[in-house]
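# Structural description and commentary
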Amino acid sequence: QVQLVESGGGLVQAGGSLRLSCAASGDTRCISAMGWYRQAPGKEREFGSTISWNGGYTYYAHSVKGRFTISRDNAKNTVFLQMNSLKPEDTANYYCAASKIVNGSIYDSRYEYWGQGNQVTVSS
């Protein structure tokens, strides 16, 4: 089993920045690609970004591309999401996800493990 714990969320003004972290523990040998998703109130969960097992491949949703950066530190079993130029529409609960596949995916069905979520609120 793998446990994922997100941290770093909070309240920020529009235009500000936040850095989310997701620490993996347990049997981390079985996970490779990681991803970030988000869910706003009353909306479906949506894909944000994904990173391959070695960090060599990343992919972003159009809504966050150019503003968010995903990275990882495998020595610490941690993945990060640097969020810059935040907008009120970025307000959501952000979830970290881990997959056994190598190169990452935009499909949430490809992720076996999920964190409990971390709230990000952007005020206008």
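Up top you'll find the structure we're talking about.
The structure reproduced in this document is the subject of the present report.

Calculation criteria
- Residues numbered from 1 in each chain as written.
- Predicted model: local features only at pLDDT ≥ 70, side-chain atom pairs only at ≥ 80, totals over all residues.
- Heavy atoms only, no water.
- Salt bridge = Lys/Arg side-chain N within 4 Å of Asp/Glu carboxyl O.
- Helix = DSSP H or I, 4+ residues; strand = E, 2+ residues; numbered from the N terminus.
- Contact = heavy atoms within 4.5 Å.
- Phe/Tyr/Trp six-rings, centres within 6.5 Å; stacked < 30°, edge-to-face > 60°.
- Buried < 20%, exposed > 50% of the residue type's maximum accessible area, 1.4 Å probe, protein only.
- Lys NZ or Arg CZ within 6 Å of the ring centre and 35° of its normal.
- Pairing = 2+ DSSP bridges.
- Axes fitted to C-alpha atoms, helices over the stretch in contact; angles between N-to-C directions.

Using the criterion set out here, one finds five salt bridges in the structure. Note that Asp27 is salt-bridged to Arg29, the shortest N-O span being 3.1 Å. Between Arg38 and Glu46 there is a salt bridge; the shortest N-O distance is 2.5 Å. Look at the salt bridges and you will find they share partners, linking Arg38, Glu46, Arg67 and Asp90 into a network.

Further remarks concern the environment of Asn103. Among the structural elements, Asn103 can be located in the loop between β9 (92-98) and β10 (113-114). Measuring from C-alpha to C-alpha, the distance between Asn103 and Gln13 comes to 34 Å, with 90 residues separating the pair along the chain. The residues touching Asn103, leaving out its near neighbours within four places in the chain, are Ala33, Ser52 and Tyr57.

The next point concerns the packing of aromatic side chains. The final tally for this structure, using the stated rule, is five aromatic pairs. Here the aromatic rings of Tyr37 and Tyr111 are separated by 5.6 Å at their centres, their planes lie at 80°, and the arrangement is edge-to-face. With a gap of 74 residues between them, Tyr37 in strand β4 (residues 34-39) and Tyr111 in the loop between β9 and β10 connect regions that are remote in the sequence. Each member of the pair Tyr37 and Tyr111 is classed as buried. Taken together, Tyr37, Phe47, Tyr59, Tyr111 and Trp114 form an aromatic cluster joined through their ring pairs. Taking the ring centre of Phe80 as reference, the NZ or CZ of Arg19 above it sits at 4.0 Å. When the ring centre of Tyr37 is taken as reference, the NZ or CZ atom of Arg45 above it lies at 5.9 Å.

Our next topic: the pairing of strand β11 (residues 118-123). Here β11 shows one buried face, formed by Asn118, Val120 and Val122, and one open face, formed by Gln119, Thr121 and Ser123. Where strand β2 (residues 10-13) lies against β11, four bridges are found, and the strand directions are parallel. Of the residues in β11, the one forming a bridge with Val12 is Val122.

Here we come to the side chain of Ser49. Topologically, Ser49 is positioned in strand β5 (residues 46-51). Excluding anything up to four places from it in sequence, Ser49 contacts Met34, Gly35, Trp36, Tyr59, Tyr60, Ile70 and Leu81.

Next up on the list: the sheet that holds strand β7 (residues 68-73). Strand order across the open sheet formed by four strands is β1-β3-β8-β7, with antiparallel pairing between neighbours. The open sheet is flanked by β1 (2-7) and β7, the only strands paired with a single partner. Direction aside, the axes of adjacent strands within the sheet are offset by 15° on average. For β7 and strand β8 (residues 78-83), the ladder comprises six bridges, and the chain directions are antiparallel. Across the sheet, residue Ile70 finds its bridge partner in β8, namely Leu81.

Spatial relationships are all this shows, so hold off on functional conclusions.
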